[in-house]
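# Report on the structure
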Amino acid sequence: ITLSLSLSLSLSKEMSVLGFELEWFDEVSGILQTLYLKFFLDDNTIEILKGTSTFLKRIFYPEVKLSDLFVGNSITVFNRLFLIKKFANKATTEYMNAREVRYLCRIGRDNLSQLGKLLIVAKNVGLVLGKVVTTSSSFYSSILAADQGDVVIELVGKLCTNRDALLKAIQVPSLSSVDAVMASAQEIEDALRSCGKASFRSQNCTLCLVKPHIMKSQTTGELLNAVTASGDFQIKAVFSIHMTLSMGEELFEVYRGLYHNYSAMLEHMCSTPVLAVLVTGTGSNAAYEDIVSSFREFVGPGDPALAKVLRPESLRARFGESVVKNSVHCTDLPEDGEMECRYFFETLSSL
């Protein structure tokens, strides 16, 4: 009660601060805890409370922006992963709902090359990517229906003056397989729960893991377009997840001795949600026969500076910023392709 009153009093002063309820799983104690985040609109600083006590003093944390603060999203602050459960009070609820618009979209399993185009259009109308799943079975909800293998995408916008902008923007032939509907956060949560978790069905495959800096800069659409436009690769499934450090360590343990900046890379991979993409070849060509090696060559050298010289058309040359922020992780060894895909599209998707 004291916390809610404190947040409400702050909000009454020209909406100077917003309040959010967070969920944090403390891996050390094994306890799921409820915390509260204050976001100060005047200088974009944050403060985190545990009950009425200070958990994190007010600071400027550039990785947390207002666009990140929507129900269902997750953020990382000093390597702690927090899930945004709900708005902390009525004033924040009214403020956010008046400025927020959400869509739930579906792309048919045979037209996943349109995913990149959809994300580019979404960015152009002020939307950010929320959750993404590949359906494990056919489902029908009150707002959307999908078949097995379809991809369902949540898109969220803040300060949207034209609330039906996406519905108008997708009325083009290149997005003919995209369905979209405006919905509430609860309706989207219910629909995503109904469509089940991503499932693993492919054997000759490789993993492409879109890194956090690409997700934050909203160039995911352009990167996925580059993959499908090559003509050698196709997207068979996608799945978004915010990895914990323990998840990241389990996946990247085999790379520990290969990465000079292993700790920095691991921290970056767990800083925001990533997009797991299951990639296969397009037919009976070289890429199809040896998908892991072919896609690794397409991705390019680990250092983007070197990639710009040796393979200027590669993904890392085009989208990478540094050795740590080099756009994507891809499977390194042919024998690991199925293992890494299974880790995401079977193990993690079932959590």
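Residues numbered from 1 in each chain as written. Predicted model: local features only at pLDDT ≥ 70, side-chain atom pairs only at ≥ 80, totals over all residues. Heavy atoms only, no water.

Phe 295 and Leu 315 are the most contacted members of the largest nonpolar core, which has 42 residues in total. Other than its neighbours up to four places away in sequence, Leu 315 contacts Leu 223, Ala 226, Val 227, Phe 295, Phe 298, Val 299, Gly 320, Ser 327 and Val 328. Listed in part, the 24 residues of the second largest apolar core include Ile 241, Met 247, Met 265 and Leu 278. (Core = buried A, V, L, I, M, F, W, Y, C linked by side-chain atoms within 4.5 Å. Buried < 20%, exposed > 50% of the residue type's maximum accessible area, 1.4 Å probe, protein only. Contact = heavy atoms within 4.5 Å.)

A word on the sheet that holds strand E13 (residues 206–210). Taken in spatial order, the four strands of this open sheet run E14-E15-E13-E16, and their pairing is antiparallel. For this open sheet the edge positions go to strand E14 (233–241) and strand E16 (328–330), each flanked by a neighbour on one side alone. Averaged over all neighbouring strand pairs, the angle between strand axes comes to 25°, with direction disregarded. Where E13 meets E16, three bridges bridge the pair, whose relative direction is antiparallel. If you follow Val 210 over to E16, its bridge partner there is Val 328. (Pairing = 2+ DSSP bridges. Helix = DSSP H or I, 4+ residues; strand = E, 2+ residues; numbered from the N terminus. Axes fitted to C-alpha atoms, helices over the stretch in contact; angles between N-to-C directions.)

Okay, the pattern of salt bridges next. On inspection of all chains with the given rule, the structure shows 18 salt bridges. Note that Lys 86 and Glu 21 form a salt bridge whose closest N and O atoms lie 3.7 Å from each other. In this pair, Lys 86 sits in strand E6 (residues 80–87) while Glu 21 sits in strand E1 (residues 17–26), placing the two residues 65 residues apart along the sequence. Notably, a salt bridge pairs Arg 311 with Glu 297, separated by 3.5 Å at the nearest N-O pair. With Arg 311 in the loop between helix H12 (304–310) and helix H13 (315–319) and Glu 297 in helix H11 (residues 291–299), this residue pair connects regions lying 14 residues apart in the sequence. When salt bridges that share partners are traced, they join Asp 42, Asp 43 and Arg 58 into one network. (Salt bridge = Lys/Arg side-chain N within 4 Å of Asp/Glu carboxyl O.)

Bridge count for E1 against E6 is five bridges, and the pairing is antiparallel. Considered in E6, the bridge of Glu 21 is made with Lys 86. Counting the residues that bridge the hairpin from strand E5 (residues 74–77) to E6 gives two residues, and of these Phe 78 lies at a positive phi of roughly 50°.

This part covers the packing of aromatic side chains. Aromatic ring pairs are defined here through the distance separating the ring centres and the angle between the ring planes. With the rule as written, the count across this model stands at 11 aromatic pairs. Both rings, one in Phe 239 and one in Phe 345, keep their centres 6.4 Å apart while their planes meet at 55°; by these two values the pair is tilted. Here the residue Phe 239 occupies a position in strand E14, and Phe 345 occupies one in helix H14 (residues 337–347), the gap between them amounting to 106 residues. On the basis of relative accessible area, Phe 239 is assigned to the buried category, the value being 7%. Look at Phe 345 and you get buried, because its relative accessible area is 0%. (Phe/Tyr/Trp six-rings, centres within 6.5 Å; stacked < 30°, edge-to-face > 60°.)

Moving on, we get to unusual backbone geometry. Positioned with a positive phi, Asn 79 is a non-glycine residue whose angle comes to about 65°. With respect to the helices and strands, the residue Asn 79 is situated in the loop between E5 and E6. In this structure, Gln 218 takes a positive phi of about 60° despite not being glycine.

One way to put it is that helix H8 (residues 245–252) packs onto H14 with a least axis distance of 11 Å and a crossing angle of 160°. Overall, the two elements H8 and H14 adopt an arrangement that is roughly antiparallel. Considering only the axes of H8 and H14, their crossing is right-handed. Of the residues in H14, those in contact with Met 247, Glu 250 and Leu 251 of H8 are Glu 340, Tyr 343 and Phe 344. (Parallel < 35°, antiparallel > 145°, perpendicular 65-115°, else oblique. Left-handed = near helix turned anticlockwise from the far one by under 90°.)

This part takes up the packing of helix H3 (residues 115–124) against helix H7 (residues 220–229). Viewed as axis vectors pointing N to C, H3 and H7 meet at an angle of 155°, and their least axial separation amounts to 7 Å. When the axes of H3 and H7 are compared, the pair comes out roughly antiparallel. Judged by the sense of rotation from one axis to the other, the crossing of H3 with H7 is left-handed. Contacts between H3 and H7 involve Leu 115, Gly 116, Lys 117, Leu 119, Ile 120 and Lys 123 on the former and, on the latter, Thr 220, Gly 221, Glu 222, Leu 224 and Asn 225. Of the residues that constitute the contact of H3 with H7, the class distribution is four nonpolar, four polar and three charged. (Nonpolar A, V, L, I, M, F, W, Y, C, P; charged D, E, K, R; others polar.)

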